[in-house]
Amino acid sequence: MGHTNWLNDEEMRAWIAFVSSATLVDRELDQQLKEDMGLSHLQYQILMVLNGAESGAMRMTELAERLINSKSGLTYQIGQMEKAGLVTRRQCEWSKSGVLAEITPEGRATLERAAPGHVEAVREILIDVLTPEERKALADGLGRVRDRIAERKQGGTCW
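Owing to the predicted nature of the structure, the values given are computational and were not obtained by experimental measurement. (Residues numbered from 1 in each chain as written. Predicted model: local features only at pLDDT ≥ 70, side-chain atom pairs only at ≥ 80, totals over all residues. Heavy atoms only, no water.)

## Description of unusual backbone geometry
Working step 1: In this structure, Ser-55 takes a positive phi of about 65° despite not being glycine.
Working step 2: Within the element layout of this structure, Ser-55 appears in the loop between helix H2 (41-52) and strand S1 (57-59).
Working step 3: You can call Ser-55 exposed: its relative accessible area is 54%. (Helix = DSSP H or I, 4+ residues; strand = E, 2+ residues; numbered from the N terminus. Buried < 20%, exposed > 50% of the residue type's maximum accessible area, 1.4 Å probe, protein only.)

## A few points about the sheet that holds S1
Working step 1: With antiparallel pairing, three strands are arranged side by side in an open sheet as S1-S3-S2. With one partner strand each, in any of the chains shown, S1 and strand S2 (87-91) form the two edges of the open sheet. Along the sheet, successive strands turn relative to each other by an average axial angle of 25°, direction set aside.
Working step 2: Examined bridge by bridge, S2 and strand S3 (residues 99-103) share five bridges and lie antiparallel to one another. Note on S3: the bridge partner recorded for Thr-88 is Glu-102.
Working step 3: Where H2 meets the sheet, its contacts fall on S1, S2 and S3, and the angle it forms with S3 comes to roughly 95°.
Working step 4: The sheet contacts of helix H4 (residues 71-83) involve S2 and S3, and relative to S2 the element is tilted by about 115°. (Pairing = 2+ DSSP bridges. Axes fitted to C-alpha atoms, helices over the stretch in contact; angles between N-to-C directions. Contact = heavy atoms within 4.5 Å.)

## Topic: the packing of aromatic side chains
Two measures describe an aromatic ring pair: the distance that separates the ring centres and the angle between the ring planes.
Working step 1: Within the structure shown, the criterion is met by one aromatic pair.
Working step 2: Ring centres of Trp-15 and Phe-18 lie 6.0 Å apart, and the angle between their planes is 35°; on these two criteria the pair is classed as tilted. Taken together, the residues Trp-15 and Phe-18, both in helix H1 (residues 9-37) and three residues apart, mark about one turn of the helix. (Phe/Tyr/Trp six-rings, centres within 6.5 Å; stacked < 30°, edge-to-face > 60°.)

## So, H2
Working step 1: Helix length check: H2 (12 residues) gives 17 Å between terminal C-alpha atoms against 16 Å at 1.5 Å per residue, within 8%.
Working step 2: Among all positions in H2, only His-41, Leu-42, Gln-43, Tyr-44, Ile-46, Leu-47, Val-49 and Leu-50 are buried. (Expected span 1.5 Å × (residues − 1).)

Worth remembering: the numbers are spatial, not functional.
Below, the structure written as structure tokens:
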């Protein structure tokens, strides 16, 4: 068995701060969106990604990868959102096994109504707490973490 390179105090402090902050940020944003719009944080992210996609549609597998979510979890969320009229599903024209998720006009309107409160919460919870230098370091560092994991998983970046 190999030697374990244990975390020193500073590394442990960074790890614990990251894990606890990531969990709390997601929880706070989820709560804000549920209270304001009846959406989960994941549902908001789905609407954002679909809204930004060309023609407002994306293959379900690509959407799951982009959101770093399981296919089954995404299928459940899309089903709930479809019942609410926020998205629709349809067969891919170029792939018999592919399914597209597409944002509806109601989904776009919901996203437009949700965005101001969500951005305000993101600012209050994270952005305005950090200095510009801290924001840059956070984006650079976590971007490298994301890219390293994406390269290990699929041989490329996930964005």
